[in-house]
Amino acid sequence: MNSLLSFDDAYIERIDKETEEVLAKETTEFLKQTIGYFKKHKNEFLFVESKSFDKVRTDSVSFEVDNAFGTYDVMLGLKFPKKYASKIKEQLKKQLETEEAPFDLMFNGDDGLWDLNFTFNYVSGFKEDMTIGEAYGLIFSFLHKLVGAVAENTE
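Just so it is clear, the structure is predicted and the values come from calculations on it, not from any experiment.

Trainee: If you had to explain the overall build of the chain to someone new, which residues and values would you point to?
Mentor: For the chain, the helix and strand inventory stands at 3 helices and 7 strands. The helix and strand sequence of the chain, counted from the amino end, reads β-β-α-β-β-β-α-β-β-α. Scaling as 2.2 N^0.38, a compact globule of 155 residues should have a C-alpha radius of gyration of about 15 Å, and the chain matches this with 15 Å. Once the C-alpha set of the chain is aligned to its principal axes, its extents read approximately 40 × 35 × 30 Å. When burial is assessed residue by residue, the chain has 50% of its 155 residues classed as buried. As displayed, the chain offers around 8200 Å² of accessible surface, 46% of which is attributable to carbon and sulfur atoms. On the chain, the mean spot of the 19 positive side-chain charges and the mean spot of the 29 negative ones are 5 Å from each other.

Trainee: How would you summarise the pattern of salt bridges if you had to cite specific residues and measurements?
Mentor: Evaluation of the coordinates by the stated rule reveals 6 salt bridges. Put simply, Glu29 and Lys32 hold a salt bridge, and the shortest N to O gap is 3.2 Å. Take Lys32: its relative accessible area is 56%, and that puts it in the exposed class. The partner of Glu90 in a salt bridge is Lys94, with the nearest N and O atoms 3.9 Å apart. Taken together, the residues Glu90 and Lys94, both in helix α2 (residues 85-95) and 4 residues apart, mark about one turn of the helix. The exposure class assigned to Glu90 is partly exposed, which follows from its relative accessible area of 37%. Of the residues examined, Lys94 reaches a relative accessible area of 57% and is grouped as exposed.

Trainee: Could you give an account of the pairing of strand β6 (residues 103-108), with specific residues and numbers?
Mentor: As paired strands, β6 and strand β7 (residues 113-119) are joined by 6 bridges and run antiparallel to one another. Bridge assignment links Met106 to a residue of β7, and that residue is Asp115. Connecting β6 to the antiparallel partner β7 that follows it, the hairpin turn spans 4 residues, and Gly112 within it adopts a positive phi of roughly 70°.

Trainee: Lay out the nonpolar core in plain terms, naming residues and giving numbers.
Mentor: Generally speaking, soluble globular proteins have nonpolar side chains that are buried together. Core analysis: the largest hydrophobic core is formed by 45 residues, its most contacted members being Leu46, Phe63, Phe118, Phe120 and Tyr136. When contributions to this core are tallied by element, the ones reaching two or more residues are α1 (37-40), β3 (44-49), β4 (60-65), β5 (72-78), α2, β6, β7 and α3 (132-152). For this core, the element with the highest residue contribution is α3, accounting for 11 residues. Filtering out sequence-adjacent residues up to four positions away, Tyr136 remains in contact with Leu5, Phe7, Leu46, Val48, Phe53, Val61, Ser62 and Phe63.

Rules and cut-offs
- Residues numbered from 1 in each chain as written.
- Predicted model: local features only at pLDDT ≥ 70, side-chain atom pairs only at ≥ 80, totals over all residues.
- Heavy atoms only, no water.
- Helix = DSSP H or I, 4+ residues; strand = E, 2+ residues; numbered from the N terminus.
- Rg over C-alpha atoms; globule rule 2.2 N^0.38 Å.
- Buried < 20%, exposed > 50% of the residue type's maximum accessible area, 1.4 Å probe, protein only.
- Areas by Shrake-Rupley, 256 points an atom, 1.4 Å probe, with all protein chains shown as cover.
- Lys, Arg positive; Asp, Glu negative; His and termini not counted.
- Charge placed at Lys NZ, Arg CZ, Asp CG, Glu CD.
- Salt bridge = Lys/Arg side-chain N within 4 Å of Asp/Glu carboxyl O.
- Pairing = 2+ DSSP bridges.
- Core = buried A, V, L, I, M, F, W, Y, C linked by side-chain atoms within 4.5 Å.
- Contact = heavy atoms within 4.5 Å.

Given below as structure tokens:
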């Protein structure tokens, strides 16, 4: 687990994909399950909010299994100005381990955030048998590297 990431203050919900209804508020105990949980519960996604995410320019990170492809997907709002589009895309292509572009990046003018969705399976260190907590630690590390590289090249 990344030492900069803490779940001490985490707000964790399991949510129905179709209705966006909260199915359950979870404790950090839920994070000890493997990510395979979402292959068995494809109708759900996990929403985690934590102050730790401020360090990687986001408030929350959602995690689910894609119904069509069976891959693990990560969704979040990234806090960078719109003008950083090419730097963010360039860094995502460098960090995700594939020739394809397993991410969607779109600027949302309403809230001033980049809506970022990416396929977790292509993140270096991904393992099918990792726990949800380990997955969030890897996502945090991925975002930490992304944010650091984008900020370094632009600010």
